Structures are given as structure tokens and as C-alpha cells.
Amino acid sequence: MLDKAAHENFPVAPFFVPRAWRTDLMAVYGYARLVDDIGDGDLPPGGADAELLGLDRDRADDALAMLDAFEADLERVFQPSGVPRHPLLRALCPTVRRHGLTPGPFRGLIEANRQDQRVRRYATYQELLDYCELSANPVGRLVLGITGTASPERIRRSDAICTALQIVEHLQDVAEDLRRDRIYLPAEDMKRFGVTEADLAAPRGGASVRALVAYEAERAVALLNEGTPLVGSVHGRLKVLLAGFVAGGRAALRAVAAAGHDVLPGPPRPTKLSLLREVGATLRREG
């Protein structure tokens with residue numbers, strides 16, 4: 001589960017941050033990754049996770065039952081003498097106690113994945129933003145909590161960055177999401193650009209699809225611009241870490257643009273070199 005961190009658009013817990021931070025960031029990442037894998041049906045076969053959570057192995061494919069059981073196990077993390085069943089939640093306990101983290105962000109990630117089981121299409125951009133409030137923004141708030149730097153203004157900037165990163169991931173994964181019968185492109189925008197679901201199922205994106213992706217990418221750029229001053233509000237290694245998050249989004253957007261905004265053949269991914277260049281550019285702007 002934790003090995004998947006290497007495949008994210010942004011550095012999850014890079015070598016240069018303090019070891020204690022790396023441990024805590026990876027504990028939060030493991031939690032978020034497992035919740036997403038439950039919601040997406042991407043757990044390893046065999047039902048071991050279901051058994052760990054106290055369910056019969058044959059219920060491993062029941063995402064809602066798994067999420068309910070996982071949330072019940074999460075509650076043990078916040079009980080003074082609670083001992084969670086799942087090892088990733090046991091690993092989370094020291095992080096929660098060390099930083100006084102609250103249940104809200106963790107519950108939000110679970111609720112986002114419940115929503116994924118019920119909601120397959122989003123009518124408006126605002127509906128998508130509301131979804132990102134559950135699916136993405138809690139992660140940034142947890143990072144601020146771990147690093148002891150949370151404030152109302154920093155949370156606002158962090159939310160903008162996290163929402164942008166979620167939108168970028170949705171743009172990269174249009175084809176994969178459609179195979180799961182999910183579309184995270186607002187229906188109002190699809191209508192505006194004359195894009196149908198059949199267009200999204202094509203091997204390559206036509207002009208209308210590419211124009212729609214470019215439009216949504218510009219929205220992500222605006223959110224990143226709104227959030228980037230967060231980098232300049234902190235110091236030291238945390239500044240570099242947050243610059244990495246912003247740079248991951250910018251590098252991914254450059255990869256999407258380099259593909260002509262045609263994301264249907266497969267997710268355009270940034271190179272490590274492009275990521276490093278964007279980190280440097282972000283630090284120069286916010287230095």
C-alpha cells in the first residue's frame with residue numbers, strides 16, 4: 001500500500017523532511033490510500049483486509065460495508081485505550097496522538113468514498129468542489145496539523161492546492177474513471193463544449209474533448225495560483241515540501257498540455273526532471 005506513494009503526482013514524504021514528519025506523513029498517506037482503494041475496489045484479492053476489519057472475506061467487494069467497518073475501526077484510533085484491528089490504522093495512532101489530530105479530516109475521506117458509491121456524475125462545477133472538500137482538502141489540513149502550521153489563512157490556501165490536485169488527477173484519469181462508470185467533468189461544462197459520454201469513451205479525444213480538458217485545466221491553474229502563497233508563508237524544509245505539492249500539480253498540468261490535452265489514450269504523467277524544475281520555479285516565486 002505504502003509503495004504506491006512513489007506513483008503520485010507529488011512527493012508524499014521526501015527524504016529531506018525530518019524523519020518524524022516522514023513517518024507521520026506516510027501514516028496519513030497509508031490511511032488515505034487504503035480508503036481510496038476500498039472505494040475503488042482496488043484491494044488485493046483474497047479478502048484479507050475485510051477479515052482484518054471483522055468482516056467475512058466474501059464481503060471484501062462490498063465497498064459500503066468495508067467503509068462502514070473501516071470507519072468503526074477508525075473510531076478506535078481516537079479512543080484512549082482503543083486498539084484498531086487494521087495495521088495501517090494502528091500505525092496511525094502515534095501520529096494522531098503526537099499532533100492532537102481530530103477525526104474530522106479522516107472521516108471526510110471515508111465520506112468521499114461513500115459518495116463515490118452513490119454519485120457517478122456531477123452536474124455543476126460547484127458540486128465537484130463540494131466533493132473535493134471531502135476527497136482532497138482533508139489531506140492538506142492533516143499535513144498542516146502534522147507540521148504544526150495550521151491557521152485559517154493557511155487552511156484556505158491549502159484547500160485551493162488540494163482541490164487543484166484532485167481536479168488534475170481527474171483530468172489525467174478520465175478514461176480510467178469512465179471504466180468505473182464515473183465522470184468527474186461537470187455535466188454543465190460537457191454540454192457547453194458539446195462533449196458526450198460516447199466522446200469520452202473514444203480511443204482519442206476529439207477537438208471538443210480536448211477543449212473541455214483545457215478549460216478544466218485552466219481552472220486548476222487558477223486554484224494553484226490561489227494556493228501557492230502558502231509556500232511563502234512557511235520556512236525551511238516545510239517550504240520545500242509544500243513547493244513540491246504545488247510543483248506536482250503544475251508539472252502534471254504541463255504534461256496534460258504537452259499531450260495536446262488528449263487524456264483519453266492514458267494519463268499524461270510528468271517526468272521527475274519536470275517536477276524538479278517546477279519545484280525550483282515555485283521556490284523562486286515564493287522565496
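Everything that follows concerns the structure shown earlier in this document.
Residues numbered from 1 in each chain as written. Predicted model: local features only at pLDDT ≥ 70, side-chain atom pairs only at ≥ 80, totals over all residues. Heavy atoms only, no water.

Some remarks on the overall build of the chain
Condition: Elements are defined by DSSP. Helices are runs of H or I of four residues or more, strands are runs of E of two residues or more, and each kind is numbered from the N terminus. The globule rule used for comparison is 2.2 Å times the number of residues to the exponent 0.38, while the radius of gyration itself is calculated over C-alpha atoms. Throughout this description, buried means an accessible area under 20% of the type-specific maximum (1.4 Å probe, protein chains only), exposed means over 50%, and partly exposed covers the range between. Here a residue-residue contact requires only that any non-hydrogen atoms of the pair lie within 4.5 Å. Areas reported as accessible are Shrake-Rupley estimates using a 1.4 Å probe. Residue values count occlusion only from the protein chains shown. As used throughout, the charge tally considers Lys and Arg to be positive and Asp and Glu to be negative, leaving His and the chain termini uncounted. We put the charge of a Lys on NZ, of an Arg on CZ, of an Asp on CG and of a Glu on CD.
When its secondary structure is counted, the chain shows 15 helices and zero strands. A compact globule built from 287 residues should have a C-alpha radius of gyration of about 19 Å, and the chain, at 19 Å, falls within 12% of that. Dimensions of the chain, computed from C-alpha atoms along their principal axes, come out at roughly 55 × 50 × 30 Å. When burial is assessed residue by residue, the chain has 51% of its 287 residues classed as buried. Sequence separation of 24 or more characterises 67% of the internal contacts of the chain that already satisfy a separation of 6 or more. Accessible surface computed for the chain: about 13000 Å², of which carbon and sulfur atoms make up 54%. Across the chain, the mean location of the 37 positive side-chain charges is 7 Å away from that of the 39 negative side-chain charges.

Points about the packing of helix α1 (residues 19–40) against helix α5 (residues 103–118)
So the rule is basically this: Note on geometry: axes are C-alpha line fits, over the in-contact stretch for helices, and angles between N-to-C directions span 0 to 180 degrees. Here is the rule for angles: anything less than 35 degrees is roughly parallel, anything more than 145 is roughly antiparallel, 65 through 115 is roughly perpendicular, and the remaining ranges are oblique. We call a crossing left-handed when the near helix sits turned anticlockwise from the far one by less than a right angle, and right-handed when that turn is clockwise. Under the convention adopted here, Pro, Cys and the residues Ala, Val, Leu, Ile, Met, Phe, Trp and Tyr are nonpolar, Asp, Glu, Lys and Arg are charged, and Gly plus all remaining residues are polar.
Relative to each other, α1 and α5 sit at 15°, their axes nearing to 9 Å. One way to sum up the angle between α1 and α5 is to call them roughly parallel. Regarding α1 and α5, the two cross each other, and that crossing is right-handed. Facing α1, whose interface residues are Tyr31, Ala32, Val35, Asp36 and Gly39, α5 presents Phe106, Arg107, Leu109, Ile110, Asn113 and Gln117. Looking at the contact of α1 with α5 residue by residue, the classes come out as six nonpolar, three polar and two charged.

What about empty space enclosed by the protein?
Short version of the rule: Using only the protein atoms, space was sampled on a 1 Å grid; points where a 1.4 Å probe fits but cannot get out form cavities, open sets with protein on both sides within 12 Å along at least five of seven lines form pockets, and lining residues are those with an atom within 4 Å of a point. Grid points are joined across faces, edges and corners, and a volume is the space filled by probe spheres set on the points.
A complete count under the given rule lists one cavity of 30 Å³ or more for this structure. Space inside the largest cavity adds up to approximately 60 Å³. The wall of the largest cavity is formed by His170, Leu171, Val174, Asp177, Leu178, Arg182, Ile183, Tyr184, Leu185 and Leu200. Here the residues of the lining of the largest cavity are counted per class, giving seven nonpolar, one polar and two charged.

Digging into the packing of α5 against helix α7 (residues 137–147)
Direction vectors running N to C along α5 and α7 enclose 155°, while the axes themselves pass 9 Å from each other. Classified by the angle their axes make, α5 and α7 are roughly antiparallel. Handedness of the α5/α7 crossing: left-handed. Residues Pro105, Phe106 and Leu109 of α5 lie in contact with α7, whose contacting residues are Pro138, Val139 and Leu142. In terms of residue class, the contact of α5 with α7 is built from six nonpolar, no polar and no charged.

Brief notes about the environment of alanine 211
For alanine 211, the position within the fold is in helix α12 (residues 207–227). Along the chain, alanine 211 and histidine 261 lie 50 residues apart, while their C-alpha atoms are 7.5 Å from each other.

Notes on the side chain of histidine 170
Mapped onto the elements, histidine 170 comes out in helix α8 (residues 152–172). When residues no more than four places from it in sequence are discounted, the contact partners of histidine 170 are Leu128, Tyr131, Asp177 and Tyr184.

Brief notes about the packing of aromatic side chains
Here is the rule: Side-chain rings of Phe, Tyr and Trp, where Trp is taken by its six-membered ring, are said to pair if the distance between their centres is within 6.5 Å; with planes under 30 degrees apart they count as stacked, over 60 as edge-to-face, and otherwise as tilted. Sitting over a ring, as applied to charges here, requires NZ of Lys or CZ of Arg to be within 6 Å of the ring centre and within 35 degrees of the ring normal.
Here the structure, examined in full by the defined rule, presents seven aromatic pairs. A centroid spacing of 5.5 Å and a plane angle of 50° characterise the contact between tyrosine 122 and tyrosine 131, whose relative ring orientation is tilted. Owing to a relative accessible area of 3%, tyrosine 122 belongs among the buried residues under this scheme. When the ring of phenylalanine 193 is compared with that of tyrosine 215, the centres are 5.3 Å apart and the planes differ by 50°; the resulting orientation is tilted. Remark: tyrosine 215 occurs in helix α12 and phenylalanine 193 occurs in helix α10 (residues 187–193); sequence separation between them is 22 residues. Ring pairing ties together the aromatic residues Tyr31, Phe70, Phe78 and Phe106, which thus form one cluster. Across from the ring centre of tyrosine 215, 4.6 Å away, lies the NZ or CZ of arginine 192, which sits over that ring. Seen from the ring of tyrosine 125, arginine 219 lies directly overhead, with NZ or CZ sitting 3.7 Å from the centre.

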